[in-house]
Amino acid sequence: MDINSSLLIPNLSLVFGWLLDRLLGDPERLPHPVVLFGKMIARGERLLNRGKWRVFKGALLAISLISVVVLATWALVIVADTINIYIGMAVRAILVFYCLAGTTLIREVRQVFYAIDRSLDEGRRQVSRIVGRDTSELTDEEVRKAALETLAENLSDGVIAPLFWFAIGGVPAMMGYKMVNTLDSMIAYHSPRYLKFGKVAARIDDIANYIPARLTALLMLIAAWRLDLIKFVMKYGPCHASPNSGWPEAALAGILGCRFGGPHKYFGETFDKPYIGDHDKPLTREDMEKAVRINRTAETIGVIIVMIVTNL
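Residues numbered from 1 in each chain as written. Predicted model: local features only at pLDDT ≥ 70, side-chain atom pairs only at ≥ 80, totals over all residues. Heavy atoms only, no water.

Caption draft 1: The arrangement of the pattern of salt bridges in detail. Under the criterion given, the structure shown has 16 salt bridges. In this structure, Arg193 and Glu45 form a salt bridge, with 2.8 Å as the shortest nitrogen-oxygen distance. Of this pair, Arg193 sits in the loop between helix 7 (140-187) and helix 8 (199-223) while Glu45 sits in helix 2 (residues 33-48), placing them 148 residues apart in sequence. Looking at Arg193, the relative accessible area reads 47%, which means it is partly exposed. The closest approach of N and O atoms between Glu289 and Arg110, which form a salt bridge, is 3.0 Å. On the criterion of sequence distance, the pair formed by Glu289 in helix 11 (residues 285-310) and Arg110 in helix 5 (residues 103-118) is long-range, its members being 179 residues apart. Looking at Glu289, the relative accessible area reads 22%, which means it is partly exposed. For Arg110, a relative accessible area of 26% gives the class partly exposed. (Salt bridge = Lys/Arg side-chain N within 4 Å of Asp/Glu carboxyl O. Helix = DSSP H or I, 4+ residues; strand = E, 2+ residues; numbered from the N terminus. Buried < 20%, exposed > 50% of the residue type's maximum accessible area, 1.4 Å probe, protein only.)

Caption draft 2: Fine view of the nonpolar core. Ranked by size, the top nonpolar core spans 77 residues in total, and within it Val109, Val127, Leu148 and Leu183 carry the most contacts. If one sorts the elements of this core by residue count, helix 7 sits on top with 20 residues. Among residues more than four places away in sequence, those in contact with Leu148 are Val109, Phe113, Leu252, Leu256, Phe260, Leu283, Met288 and Ala291. (Core = buried A, V, L, I, M, F, W, Y, C linked by side-chain atoms within 4.5 Å. Contact = heavy atoms within 4.5 Å.)

What follows is the structure, encoded as structure tokens:
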């Protein structure tokens, strides 16, 4: 493999994988690595989340699984390249496709807005598919806000963060990030069961998303031609229990001129989250479509940046 091919293959794989996500979204009928990741995490949690030393055992599980995924992906890519240059490119493209999660979430958010226009109960059921909070008592407006908050967060951890880690370490780093994200979604809760066991997994996720979350907010402002909102994002980005989720939410709140945050219920317990934004305006389907356009434009810019960076 010459130097030109070694530079071209990652970029072509990235573009093909990204286009597959744009066209297909998550493949419901095909095996997905995240399903395997979830089974690995669940089995490890059942074995280790008991007795003493739970913080240590949770850290051991998280670090071990992330390392296994990175090394296994690296080995798979090496073997594929050895067989054939095009097989190597195809394997990378498929893994990129599996790691990106932009299209499916956009479809889900659209369905929330269509459902809430039909009935509140239908909107609550639909939004419960994409949020972790209790949706049974959400108002019409809270359903819409929950969907758009999730859309903003997903742009960061479902698209921009995987792209960022691809730029850092190729497909192995991208897959490693996917395991980090899956660990966070499964065991990084502030509940009695996971408070200690998921502590290190939560910190790893915070670190892995620190730069991508802020980069996501910047890309959203660029996509909207609203760099005048940088001070707004700097003010409200830190106003979130998560060190990262507030940044893309603040960017979208500024662009739409709305307000996110406020009290939410998780596992029967109410959390009084700070508000993000100044204006508590009603959200409409037009706001949702504008948010989708911003997401799509931001991820396109992100792909272009990664292609440039990987060729430097």
